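Summary of structural features
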Amino acid sequence: MPDSTPSKSGNVRVRFAPSPTGFLHVGSARTFIFNWLYARHNHGTMVLRLDDTDVERNTDASVQSIFEGLRWLGLSWDEEYKQSERLALHRSAAHAIFASGLAYRDFTPAHAAEGEASSSQGAWLFNPGLRELPREESDRRAAAGEPFALRYRVPRGEGRMVQFHDAVYGPMSKPADEIEDFALLRSDGNPTYHLSSCVDDADLRITQIIRGQDHLTNTFKHALIFEGIGAAAPQFAHLPLLVAPDGAKLSKRKHGPVVSVTTYRDAGFLPDAFINFLCLLGWSPKDDREFLTLDELTSAFTLENVNRSNAVVNFTEEDPFDAKAVHLNGEHIRALPVEELSARLQPFFEQAGFSASPEKLLAVTPLIRERIKFLKDAVSAADFFFLPQLAPYDPAELIPSKGGDAAMARRVLQTALEILPATPFDHDSLDQALRTAATSLGLKAGPMFQPIRVAICGRKNAPPLFETMIVLGRDVCLARIQQAESKLGSMV
Ligand code: GLU
């Protein structure tokens, strides 16, 4: 949803302009984030524009996926547009370009022009017959109802260059003769991406176009269109590609779910950790810090520090997530206030079928936060707090690892059953009571605590013992220790 605070002091206006033809790709998410950071850093305006003019490829599911992904990131925007609602503006801009002589009617039947994209790499640059068609004849054929596309009249002649400056890639220049007379309007009257994009960018007073490097070559055409509509071109900044470890451009077809934002969400990434990770793909702060909060990213972000080389996302068949992303996620998890982390864990417990009360989860969260890399790890790390019955475990686990036996473990549990009913359930009392009991049994703390820990958690690898006992409460602890004691009874 657009942000409700309308007053923005700066003049900077940037836009994120996804085409709703697929799910939200991690590369698109990075483009959104860089635009957002640029806008917020400069106290400017963030525009979301759905480039939804390709009716054959647009899907509602894609629109949903884009909004779902952006909502998860938690970054707001200030204005929202749909390109499909602005077609009249695009058409009238095309006609104005035509009227100024910078475009011409192409009466080639649509099916014959279909090969345009591929032929632009080859011989087909423009159709001189139609480009030079006298205006009267062009008018006459149009009036007679003959369908036509409108094509930009790219300036021709040796030495003519089309140029623009890119904030990342520097001065860009290309011989005009290598640019085909590209379409502005198709013969069905619909504007092309190039036209709609530039007309909207001009109309929405966009000051910086920050987008993927795959649009760098399109920008020569865009520079011509801005000239054609008499608007100053915004500043361009193209972002390096995200690539797989083998250097191939990240694509769903080739790389599967790892390129979708929701994969990170569902695995239990914190949005701020994911944002932090994406920002380091193609950008780095001047001081090369890696862990950055959203506020730190906002104040550090400048286009000067965007680099040109492709950014590698490291993943393998077995491990879909880059080690840096996972590491940052752990750091962000530990940096989050406990209340917020706890609220973020709640849906993962719900999804796993636990009824975890917010109060109890809040008490459990500090005990597991050091132990999880993904939010969803919390469920397996803390399930025993919420299960009415522990999942079955091997009673041999109850036996202290170093030189213990079942009889020793049983004595520990029996002692615990004797002292815990009268021990206050606070850290110091438990600590003192259990250590004193260990001494009287002639044991060190380790062999004393292990049987109790396994009895109440069902595993050796668990959070700190006393805190865990306090959260579970005396009754649950006693019941579980009693059960464990009986299991051992059948072993000695
Ligand atoms: N709709 C285009 C895309 O999704 C936008 C490109 C641009 O930012 O101009 O690739």
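These numbers were taken from a predicted model, which means no experiment stands behind them. Residue positions are given per chain, counted from 1 along the sequence in the order it is written. The predicted origin of the model limits local features to residues at a pLDDT of at least 70 and limits the giving and counting of side-chain atom pairs to 80 or more, whereas totals for whole chains, interfaces and linings rest on all residues. Processing note: side-chain calculations cover all non-hydrogen atoms of the structure and skip hydrogens and water entirely.

Quick look at the overall build of the protein chain now. For the purposes of this entry, the term helix denotes a DSSP run of H or I that reaches at least four residues, the term strand denotes a run of E that reaches at least two, and both are numbered from the N terminus. Looking only at helices and strands, one finds 22 helices and twelve strands in the protein chain. Radius of gyration (C-alpha) of the protein chain: 32 Å, far over the 23 Å computed for a compact globule of 492 residues. Counting only C-alpha atoms, the protein chain reaches 110 × 45 × 40 Å along its principal axes. Exposure categories follow from relative accessible area, calculated using a 1.4 Å probe and restricted to protein chains: below 20% of the type maximum is buried, above 50% is exposed, and the middle band is partly exposed. Within the span of the protein chain, comprising 492 residues, buried residues form 51% of the whole. Values of the radius of gyration come from C-alpha atoms, whereas the globule rule sets the reference at 2.2 Å times the count of residues to the power 0.38.

Working definition: residue near molecule or strand if any one of its non-hydrogen atoms lies within 4 Å of it. As a structural note, the neighbourhood of the ligand is formed by Arg15, Ala17, Pro18, Ser19, Asp51, Tyr193, Ser197, Arg211 and His215. Between N or O atoms, a polar contact is any pair within 3.5 Å; within protein, one atom must be a potential hydrogen donor and the other a potential acceptor, and residues adjacent in sequence are included only when both atoms are from side chains. A distance of 2.7 Å separates a nitrogen atom of the ligand from a polar atom in the side chain of Ser19. In this structure, His215 approaches the ligand through a side-chain N or O atom, which is 2.8 Å from an oxygen atom. Computed with a 1.4 Å probe, the accessible areas rest on the Shrake-Rupley method; for each residue, only the protein chains presented here act as cover. Bound to the protein, the ligand loses 80% of the 300 Å² it would expose on its own. Counted by class, the shell around the ligand contains three nonpolar, three polar and three charged residues. Three classes are used: nonpolar for Ala, Val, Leu, Ile, Met, Phe, Trp, Tyr, Cys and Pro, charged for Asp, Glu, Lys and Arg, and polar for all others, with Gly counted as polar.

Quick look at the packing of helix α16 (residues 358–368) against helix α21 (residues 465–472) now. A pair of packed helices is characterised by two quantities: the angle between their axes and the separation of those axes. Angular values range over 0 to 180 degrees, each being the angle between N-to-C directions of two axes fitted as lines to C-alpha atoms, with helices fitted over their stretch in contact. Between α16 and α21, whose axes approach to 10 Å, the crossing angle comes to 175 degrees. Judged by the angle between their axes, α16 and α21 are roughly antiparallel. Together, Lys360, Ala363, Val364 and Leu367 of α16 and Glu467, Thr468 and Val471 of α21 make up the contact between the two elements. Each residue belonging to the contact of α16 with α21 can be placed in one class, and the counts come to four nonpolar, one polar and two charged. Every angle not falling under 35 degrees, over 145, or within 65 to 115 is termed oblique; those three ranges are roughly parallel, roughly antiparallel and roughly perpendicular. Any pair of residues with heavy atoms lying within 4.5 Å of one another is described as a contacting pair.

Take the sheet that holds strand β4 (residues 103–106) next. Strands sit in the order β4-β5-β8 across an open sheet of three strands; the sheet is antiparallel. Edge positions in the sheet fall to β4 and β8 (183–185), since each of these pairs with one other strand and no more. Within this sheet the neighbouring strands show an average axis-to-axis angle of 40 degrees, counted without direction. Strand direction decides the pairing type here: strand β5 (residues 149–152) and β8, joined by two bridges, are antiparallel. Each residue of the ladder has a partner; that of Arg151, found in β8, is Ala183. Note on pairing: DSSP must find at least two bridges between two strands before they are called paired.

So, on to the pairing of strand β1 (residues 13–16). The two faces of β1 match: Arg13 and Arg15 on one face and Val14 and Phe16 on the other face are all buried. As judged from the four bridges shared by β1 and strand β2 (residues 45–50), these two strands associate in the parallel manner. Looking at β2, one finds that Arg15 is bridged to Val47. Clockwise travel from the first strand over the helix to the second, with the strands pointing away from the viewer, marks a crossover as right-handed. For the crossover from β1 across helix α1 (residues 26–41) to β2, the handedness is right-handed.

By salt bridge we mean one thing: a side-chain nitrogen of Lys or Arg within 4 Å of a carboxyl oxygen of Asp or Glu. Within the structure shown, the criterion is met by 28 salt bridges. A salt bridge links Glu146 to Arg141, with the nearest nitrogen and oxygen atoms 2.7 Å apart. Salt-bridge contacts for Glu485 lead to Arg410; the nearest nitrogen and oxygen are separated by 2.9 Å. Here Arg410 lies in helix α18 (residues 406–419) and Glu485 lies in helix α22 (residues 474–489), a separation of 75 residues in the sequence.

This next bit is on the nonpolar core. To qualify as a nonpolar core, a set must consist of buried Ala, Val, Leu, Ile, Met, Phe, Trp, Tyr and Cys residues joined through side-chain atoms within 4.5 Å. Counting residues in each nonpolar core, the largest one holds 91 residues, and the members touching the most others are Phe32, Ile33, Leu73 and Tyr264. Here the element with the most residues in this core is α1; it accounts for nine residues. Leu73 has contacts with Ala29, Phe32, Ile33, Pro271, Phe274 and Ile275, leaving out every residue within four places of it along the chain. Judged by nonpolar contacts, the second largest core, of 58 residues, contains Ala356, Phe384, Ala438 and Met469.

The next subject is the packing of helix α12 (residues 271–279) against helix α14 (residues 323–335). Their axes nearest at 8 Å, the elements α12 and α14 cross at an angle of 140 degrees. Regarding the angle of α12 to α14, the classification is oblique. For the pair α12 and α14, the sense of crossing is right-handed. Of the residues in α14, those in contact with Asp272, Ala273, Asn276 and Phe277 of α12 are Lys324, Ala325, Leu328, Asn329 and His332. The handedness criterion is simple: a crossing whose near helix is rotated anticlockwise from the far helix by less than a right angle is left-handed, and one whose near helix is rotated clockwise is right-handed.

A positive phi angle is found at His43, which is not glycine, with a value near 50 degrees. Among the secondary structure elements, His43 is positioned in the loop between α1 and β2. By relative accessible area, which is 52% here, His43 ends up exposed. In this structure, Asp288 takes a positive phi of about 60 degrees despite not being glycine. For Asp288, the position within the fold is in the loop between α12 and α13 (294–300).

Next up on the list: the packing of aromatic side chains. For Phe, Tyr and Trp, rings pair up if their centres lie within 6.5 Å, where Trp contributes its six-membered ring, and each pair is then called stacked (planes under 30 degrees apart), edge-to-face (over 60) or tilted (otherwise). By the definition in use, this model includes 23 aromatic pairs. Pairing Phe34 with Phe301 gives two aromatic rings, centres 5.1 Å apart and planes at 55 degrees, and the pair type is tilted. With a gap of 267 residues between them, Phe34 in helix α1 and Phe301 in the loop between α13 and β12 (311–312) connect regions that are remote in the sequence. Note on accessibility: Phe34 and Phe301 belong to one class, buried. Ring pairs connect the aromatic residues Trp72, Tyr264, Phe269, Phe274, Phe321 and Phe374, which therefore count as one cluster. Throughout this description, the term charge over a ring refers to an Arg CZ or Lys NZ atom that lies within 6 Å of the ring centre and within 35 degrees of the ring normal. Geometry around Phe148 places Arg105 over its ring, the cationic atom sitting 5.1 Å from the centre. Just above the ring of Tyr393 sits the side chain of Lys487; from NZ or CZ to the centre is 3.9 Å.

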